Amino acid sequence: PPPQLEAEMEEYGAGDLLSEAMCAGARVVVVEDCVEAPAAFVLHLLLKRALAAGGGGGGGAALLALAQPFSHYDRVLRKMGCNLSMHRKSERLHFFDLQGFPGGTQGGAIADSLAQLYSAVQRVVETCRAGENAGRFTVMIDDVSLLEVAANGSADDVLDFLHYCVTLTSEMNCSLVVLIHEDIYSSEDGVGLLAHLRYIADLVIKAAPLSTGLATDVHGQLSVVNKGMLIEQRPAKGQKVWSFHFKVKENGADFFYPGSRH
Amino acid sequence: GLVVVAFDRSPEVYLDIMLRHGLDSNALSRCVRILDCYSDPLGWKQNIRSEQHQEDSGTPCSTNKDTITIFRSVKDVDKLSCSIIDLGRGFEGEGKTYFSVAVDSISSMLRHASVQSISGLLSNLRSHDQISSIFWLMHSDLHETKFSRAFECLSTMVACVEPEVVDSVYGEERRGDMSFLEHNYSKAKFHVRLKRRNGRVKHLYEELCVEGYDVKFISATSVSIEVNQSLLPKVQFNLELSEKERSDRANVVLPFEHQGKGEPIRIYDGRRSLPEAHQDPNLTTAALLDETEALKSANPKGEIHYLRDSDDERPDSDEDPDDDLDI
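The shown structure was predicted, so the numbers you read here are calculated from the model rather than taken from an experiment.

Some details on the overall build of chain B
A count of helices and strands for chain B gives twelve helices and nine strands. Counting every position in chain B, which comprises 327 residues, the buried fraction comes to 32%. Here chain B has roughly 21,100 Å² of accessible surface; of this, 51% comes from carbon and sulfur atoms.

Quick word on the domain arrangement of chain B
All names here are of chain B. Split by domain assignment, chain B resolves into domain 1 (1-48 + 64-155) and domain 2 (156-164 + 183-223). On a C-alpha basis, the centroid separation for the pair domain 1 and domain 2 is 23 Å. The interface is formed by seven residues belonging to domain 1 together with six residues belonging to domain 2. Across the domain 1 to domain 2 interface the summed buried area is about 550 Å²; carbon plus sulfur atoms make up 45%. Interface area lost by domain 1 to domain 2 is led by R20, E152 and S155, which between them contribute 71%. The interface formed by domain 1 and domain 2 includes one salt bridge. With its nearest N and O atoms 2.6 Å apart, the salt bridge here joins R193 to E152. For the interface between domain 1 and domain 2, the tally reads three residue pairs in polar contact (both at pLDDT 80 or more). Considering each element in turn, the side of domain 1 that touches domain 2 owes the most residues, three residues, to helix α7 (residues 145-154). Across the side of domain 1 that touches domain 2, the residue classes tally to two nonpolar, two polar and three charged.

Points about the interface of chain A and chain B
Between chain A and chain B, the contact holds 43 residues from the first and 32 residues from the second. Contact between chain A and chain B buries roughly 3,300 Å² in total, counting both sides, with carbon and sulfur atoms accounting for 57%. At the boundary of chain A with chain B, the tally comes to three salt bridges. Between K45 of chain B and E171 of chain A there is a salt bridge, with its nearest N and O atoms 3.0 Å apart. Inspection of the chain A/chain B interface yields eleven residue pairs in polar contact (both at pLDDT 80 or more). Elements supplying a minimum of two residues to the side of chain A that touches chain B: α6 (110-130), α8 (155-171), α9 (193-200), β6 (203-208), β7 (220-226) and β8 (241-249) of chain A. Take the side of chain A that touches chain B: its biggest share by element is ten residues, from α8 of chain A.

Here's the deal with the nonpolar core
Among the nonpolar cores identified, the biggest contains 80 residues, and L64 and F161 of chain A are the most heavily contacted of them. Setting aside residues up to four positions removed in sequence, F161 of chain A forms contacts with L64, L114, L117, Y118, I141 and L147 of chain A together with W44 of chain B. Membership of the second largest hydrophobic core comes to 41 residues, among which are L17, M22, I205 and F244 of chain A.

With respect to unusual backbone geometry
The omega torsion across F101 of chain A and P102 of chain A is -5°, close enough to zero to call that bond cis. Note that the residue after D104 of chain B, namely S105 of chain B, is joined by a cis bond; omega there is 5°. Tracing the sequence through the fold places S105 of chain B in the loop between β4 (99-104) and α5 (106-112). Positioned with a positive phi, N152 of chain A is a non-glycine residue whose angle comes to about 55°. Take N152 of chain A: it is sitting in the loop between α7 (144-150) and α8. Judged by relative accessible area, which is 72%, N152 of chain A ranks as exposed. Of note, N173 of chain A is a non-glycine position whose phi angle comes to about 50°, a positive value. Structurally, N173 of chain A can be placed in the loop between α8 and β5 (174-181). We classify N173 of chain A as partly exposed; its relative accessible area is 29%.

Brief notes about helix α4 (residues 77-89) of chain B
All names here are of chain B. The end-to-end C-alpha separation of α4 is 18 Å, in line with the 18 Å expected for 13 residues at 1.5 Å each. When α4 is considered as a whole, its buried residues turn out to be V77, L80, S81, S83, I84, I85, L87 and G88. Elements that come into contact with the buried residues of α4 comprise β1 (2-6), β2 (32-36), β3 (68-70), β4, α5 and α6 (115-126). The N-terminus of α4 is capped by D76, whose side-chain oxygen sits 3.4 Å from the backbone nitrogen of D78.

Observations concerning the packing of aromatic side chains
Residue and element names in this part refer to chain A. In the structure shown here, the tally under the stated rule is ten aromatic pairs over all chains. Arranged with centres 5.6 Å apart and planes meeting at 75°, the rings of F244 and F255 form a pair that is edge-to-face. A residue pair is termed long-range when its members are at least 10 positions apart, and F244 in strand β8 and F255 in strand β9 (residues 252-256) qualify at eleven residues. For F244, a relative accessible area of 0% corresponds to the buried category. F255 sits in the buried class, given a relative accessible area of 11%. Three or more aromatic residues link up through ring pairs in this structure, and these residues are F41, F244, F246 and F255.

Observations regarding the packing of α6 of chain A against helix α3 (residues 44-51) of chain B
Between α6 of chain A and α3 of chain B, the shortest axis-to-axis distance is 10 Å and the interhelical angle comes to 65°. On the basis of the axis angle, α6 of chain A is roughly perpendicular to α3 of chain B. The crossing of α6 of chain A and α3 of chain B is right-handed. Contact with α6 of chain A, carried on its side by A111, L114, A115, Y118, S119 and Q122 of chain A, involves W44, K45 and I48 of chain B of α3 of chain B and no other residues of that element. Across the contact of α6 of chain A with α3 of chain B, the residue classes break down as six nonpolar, two polar and one charged.

As for the environment of I48 of chain B
One can find I48 of chain B in helix α3. The exposure class of I48 of chain B is buried, given its relative accessible area of 6%. Sequence separation between I48 of chain B and F151 of chain B is 103 residues; the distance between their C-alpha atoms is 36 Å. Dropping the residues within four chain positions of it, I48 of chain B is found in contact with Y118, S119 and Q122 of chain A.

Procedures and definitions
Residues numbered from 1 in each chain as written. Chains lettered and ligands numbered in written order. Predicted model: local features only at pLDDT ≥ 70, side-chain atom pairs only at ≥ 80, totals over all residues. Heavy atoms only, no water. Helix = DSSP H or I, 4+ residues; strand = E, 2+ residues; numbered from the N terminus. Buried < 20%, exposed > 50% of the residue type's maximum accessible area, 1.4 Å probe, protein only. Areas by Shrake-Rupley, 256 points an atom, 1.4 Å probe, with all protein chains shown as cover. Domains from an automatic or database assignment. Contact = heavy atoms within 4.5 Å. Buried area = accessible area lost by both parts, 1.4 Å probe. Salt bridge = Lys/Arg side-chain N within 4 Å of Asp/Glu carboxyl O. Polar contact = N/O pair within 3.5 Å; in protein donor to acceptor, adjacent residues only side chain to side chain. Nonpolar A, V, L, I, M, F, W, Y, C, P; charged D, E, K, R; others polar. Core = buried A, V, L, I, M, F, W, Y, C linked by side-chain atoms within 4.5 Å. Expected span 1.5 Å × (residues − 1). Phe/Tyr/Trp six-rings, centres within 6.5 Å; stacked < 30°, edge-to-face > 60°. Axes fitted to C-alpha atoms, helices over the stretch in contact; angles between N-to-C directions. Parallel < 35°, antiparallel > 145°, perpendicular 65-115°, else oblique. Left-handed = near helix turned anticlockwise from the far one by under 90°.

Listed below in structure tokens is the structure:
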């Protein structure tokens, strides 16, 4: 890979299968999981990498958290060697506590609340870009299924909001990472958020349980589909689909091909 | 000219694609207009700017001011229709200028407006005298079948990209087995359904292959044969022909093809199936011309000499000879 890409890959923790599959240029990342194989650990890992991006430019991140309070992420990331409190203070990390979203005081349509949320996110991204941090900014949503619930089931409003977040990726050198629970959506209920997100995504990371059942050393399998829409997203070997196993640890996660663990 | 109604990707992506495919920037600025429904479809960004008392920066990219026009009210289908037509009318040219409209994508449009209003928009554009063609993209799995069908009915040609390898449900039942996806991301089946003016439908099948930025089409005649055979209903008697039956049929001489006088049957293109043609080394175009000459000089007796073009054209086929007419 070209030197600049290699440097970026190192910042993002190159050397593991996940970063190899993702490449540095992926803009819209959709992480799918289910009850048997939760993928919050992927978000934690990507958040850590987004904040760790060094090289002078520095990265930044905005975490839109509906699933957990700040203390949870702080505790988890601390075990992974990343101090969220410090990043929050230094405004590297912008934490949006959305557990009460949209909130009773808002009134009006959910679309307005989402528009206001988007406005806040855009402001944060613009501020970061204007500052010394010219590096890649990451907007992370944990998670879209809860956002849909907060929007009273209005997938269209959520999709509108997500579309605007996607425009940030093309206009402001920004990545969007969203988590969605794949097992909530069944095809009998008609087309839902999941199908739309799969089209929007440049990269899909899907966590699934092992077909053989539970195991102590392997927690599940991860499939990464890199659609490679833009040339800088193309993996060197032209491969588009990766499939490997993972094990979640206190300080991160291990990724390995089946059978290569002793 | 071409008007691109862009919902799903930023305008620069389309310009980039066209540049990559050899269109130079002069041609682009002359012949391409993009209606940008991607950057601010609902006007949220404009609202933010006015709240912050900022000046409207207009189009996001200043170098493409004329080529890209931003559109902020995608729920207003009438306004959208007018904007498309206005952009198209802006193409310069001598005499009457025609333009085409490309919509990426109808699926995104359907999130903001009803099926009726969008089919109304398409009908409206279709009947506009300056619009030569309209083409749009639709993700069929994002809509109920009836809506996909409704848009197919509106069109004269439907091109479907279908996966080569079909798994039950996106790997749901065989969790983790994504190997088929690798194949499906670079190859696909391409099926075109063409509706003729006389109502007949023509099918074309090809294989599509994506390599980097290039898309290659490989005609798959073998595929079409399989499909044709599978169209026969599954019944308990045999509806197909064996090889011997096929060759026997080819050997049948039809009533209007001979005069019953024992004259040898002349076929324009020497056919292998007829023993005479096979044994007759003299059956050439020259020989045929001689015969035609002889016919002209003979006394007009009101005979019909039928010369068949080729083996493939089965008599009484439902090919309408008027198909070639472009009325």
